[in-house]
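So you can see what is in the structure, the chains are spelled out below.
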Amino acid sequence: MKAVFLVLLMVFSLNLSGCTLSSNIDTSQDMTPRLISVSDDLQTSEMVEEVKSAVVGISATVDGGYSVGSGVAIASGGYILTNHHVIEGARSVKVYLSNNVESYAKVLYSDSALDLAILKADVNMPYLDTEPSTNLKVGEDVVAIGTPLTLQFKHTVTKGIVSALNRTLEISNLGGTSTLMQDLIQHDASINPGNSGGPLINSAGKVVGINTLKATDAEGIAFAIPIEVATSLSSKVIQNVNYTAPKLGIFAYDVNIARFALKTKAQNGLYIEDVQKDSALYNAGVKNGDVILSINNLDMNTSIDLRKLLYSLNAGDEIEIKILRDDETHIINAKV
């Protein structure tokens, strides 16, 4: 895979100067807790005015300073989505509402592999509806709202188009390891460090993704996590704050990536690169190089398919997996 230089969209500072916002509450902002519904005939500027009250700036106090990012409310009760890397290692988290009100927030759930985190603010606030990224079309208008660079730039709005769908990127981690982020939305709305965790919004005022990365050696190449991954997870966490996502003990990715690398000739499914020893699937007979075609009769063609299925299950549930191995299909039963 060709290397692409990427940057996580987070600002980190070693001092707290410039962090103070105006204490004057902006009464023109309607912060009544509600699902924001946007009319289809609104201009972009009108749509943004409707939705921005659901977007927050975020500062997370960490050792040596604080990080700055963005977030968006997606459920009643002050439940906010952001990126894992925005709040990683945070001792406390503050959110900054569009009416200049500040509130503390608690981290309910965080997943470094997905780069997603779920917060609960101490205050209720308006929230946005979501639209699956599968409904997006290349060339469609999108808007990014976030906090680039510093908190004084919170609720900055940029506009662009969907440039591509289902992008896969290899992200280098500290310690020399790497992570594959799959099925990302590529767009060209201008975003900068601090936009991490902010929403990517379509013309109907619905969240289609969570901004996470941009290319450092090019202009107009940014990436967002499809919202359906986050909503599947957040619905579980909201129902049960002690929720732990079940695991299969495998590292798998979209089969088209494996086909490009000449690892398989399969036309659909998820290619298993590695099966963790002593995991349930390992003990059930799943092997490296197998291709998952379906689980519980649901087709598995993308990592999103797999994530959505996992978030519908609980630890201990039995699953039926159809795999392709050496051009032959096999049925394997296992527990998550």
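Residues numbered from 1 in each chain as written. Predicted model: local features only at pLDDT ≥ 70, side-chain atom pairs only at ≥ 80, totals over all residues. Heavy atoms only, no water.

1. Digging into the overall build of the protein
Alright, step 1. Assigned secondary structure in the protein consists of six helices and 22 strands.
Alright, step 2. Relative to the compact-globule value of 20 Å for 336 residues, the protein shows a C-alpha radius of gyration of 20 Å, a close match.
Alright, step 3. When burial is assessed residue by residue, the protein has 51% of its 336 residues classed as buried.
Alright, step 4. Contacts in the protein between residues at least 24 apart in sequence constitute 63% of all its contacts with a sequence separation of at least 6.
Alright, step 5. For the protein, the exposed area adds up to about 15,700 Å²; of that, 47% sits on carbon and sulfur atoms.
Alright, step 6. Within the protein, the 36 negative side-chain charges are centred at a point lying 3 Å from the centre of the 25 positive side-chain charges. (Helix = DSSP H or I, 4+ residues; strand = E, 2+ residues; numbered from the N terminus. Rg over C-alpha atoms; globule rule 2.2 N^0.38 Å. Buried < 20%, exposed > 50% of the residue type's maximum accessible area, 1.4 Å probe, protein only. Contact = heavy atoms within 4.5 Å. Areas by Shrake-Rupley, 256 points an atom, 1.4 Å probe, with all protein chains shown as cover. Lys, Arg positive; Asp, Glu negative; His and termini not counted. Charge placed at Lys NZ, Arg CZ, Asp CG, Glu CD.)

2. What to know about the layout of surface pockets
Alright, step 1. Of the voids in this model, the second largest pocket is the one considered here, and its volume is about 700 Å³.
Alright, step 2. Lining the second largest pocket are 29 residues, with Ala113, Leu114, Ile250, Phe251 and Arg307 sitting closest to its centre.
Alright, step 3. Elements that contribute at least two residues to the lining of the second largest pocket include exactly strand E8 (102–111), strand E13 (178–187), strand E16 (222–226), strand E17 (250–254) and helix H6 (303–310).
Alright, step 4. In the lining of the second largest pocket, the residues fall into 19 nonpolar, six polar and four charged. (1 Å grid on protein atoms, 1.4 Å probe; cavity = no way out; pocket = protein on both sides within 12 Å on 5 of 7 lines; lining within 4 Å. Points joined across faces, edges and corners; volume = space filled by probe spheres on them. Nonpolar A, V, L, I, M, F, W, Y, C, P; charged D, E, K, R; others polar.)

3. Regarding the side chain of Gln186
Alright, step 1. Tracing the backbone shows Gln186 in strand E13.
Alright, step 2. Setting aside its immediate chain neighbours within four residues, Gln186 contacts Ile161, Val162, Ser163, Ala164, Arg167, Ile221, Ala222 and Phe223.

4. Looking at the packing of aromatic side chains
Alright, step 1. One pass over the structure, following the stated rule, counts three aromatic pairs.
Alright, step 2. The interplanar angle of 45° and the centroid separation of 5.8 Å between the aromatic rings of Tyr253 and Tyr271 together place this pair among those described as tilted. Pair noted here: Tyr253 is in strand E17 and Tyr271 is in strand E18 (residues 270–275), with a separation of 18 residues, a long-range link. No difference in accessibility class separates Tyr253 from Tyr271, as the two residues are buried.
Alright, step 3. An aromatic cluster is defined as three or more aromatic residues linked by ring pairs; in this entry it consists of Phe251, Tyr253 and Tyr271.
Alright, step 4. Here the basic side chain of Lys120 rests over the ring of Tyr79, its NZ or CZ set 5.3 Å away from the ring centre. (Phe/Tyr/Trp six-rings, centres within 6.5 Å; stacked < 30°, edge-to-face > 60°. Lys NZ or Arg CZ within 6 Å of the ring centre and 35° of its normal.)

5. A closer look at the environment of Ile171
Alright, step 1. Assignment of secondary structure puts Ile171 in strand E12 (residues 156–172).
Alright, step 2. The class for Ile171 is buried, based on a relative accessible area of 12%.
Alright, step 3. For Ile171 and Ser76, which are 95 residues apart along the polypeptide, the C-alpha to C-alpha distance reads 33 Å.

6. Here's the deal with helix H3 (residues 227–239)
Alright, step 1. Between its terminal C-alpha atoms H3 stretches 18 Å, which fits the 18 Å expected from 13 residues at 1.5 Å a residue.
Alright, step 2. Within H3, burial applies to Ile227, Glu228, Val229, Ala230, Ser232, Leu233, Ser234, Lys236 and Val237. (Expected span 1.5 Å × (residues − 1).)

7. Observations concerning the pairing of strand E9 (residues 116–121)
Alright, step 1. The element E9 is largely enclosed, with a buried count of five among its six residues.
Alright, step 2. Between the antiparallel neighbours E8 and E9 lie four residues, among them Asp115 with a positive phi of about 55°. (Pairing = 2+ DSSP bridges.)

8. Some remarks on the pattern of salt bridges
Alright, step 1. Summed over the entire model, instances satisfying the criterion amount to eight salt bridges.
Alright, step 2. A salt bridge links Glu102 to Lys94; the nearest nitrogen and oxygen atoms lie 3.2 Å apart.
Alright, step 3. The exposure class assigned to Glu102 is partly exposed, which follows from its relative accessible area of 35%.
Alright, step 4. For Lys94, a relative accessible area of 24% puts it in the partly exposed group.
Alright, step 5. The residue Glu273 makes a salt bridge to Lys263 at a minimum N-O spacing of 2.9 Å. A residue pair is termed long-range when its members are at least 10 positions apart, and Glu273 in strand E18 and Lys263 in the loop between helix H4 (255–260) and E18 qualify at ten residues.
Alright, step 6. You can call Glu273 partly exposed: its relative accessible area is 28%. (Salt bridge = Lys/Arg side-chain N within 4 Å of Asp/Glu carboxyl O.)

9. Section: the confidence of the model for the protein
Alright, step 1. Per-residue confidence for the protein gives a mean pLDDT of 87; residues scoring 70 or more make up 90%.
Alright, step 2. Low pLDDT, under 50, characterises residues 14–22; the predicted model gives this stretch 14 contacts beyond four residues in sequence or across chains. (pLDDT = per-residue confidence, 0-100.)

10. Remarks on the packing of H3 against H6
Alright, step 1. Viewed as axis vectors pointing N to C, H3 and H6 meet at an angle of 10°, and their least axial separation amounts to 9 Å. Accordingly, the angle class assigned to the pair H3 and H6 is roughly parallel. Contacts from Glu228, Val229 and Ser232 in H3 reach Ile304, Arg307 and Lys308 in H6.
Alright, step 2. In terms of residue class, the contact of H3 with H6 is made up of two nonpolar, one polar and three charged. (Axes fitted to C-alpha atoms, helices over the stretch in contact; angles between N-to-C directions. Parallel < 35°, antiparallel > 145°, perpendicular 65-115°, else oblique.)

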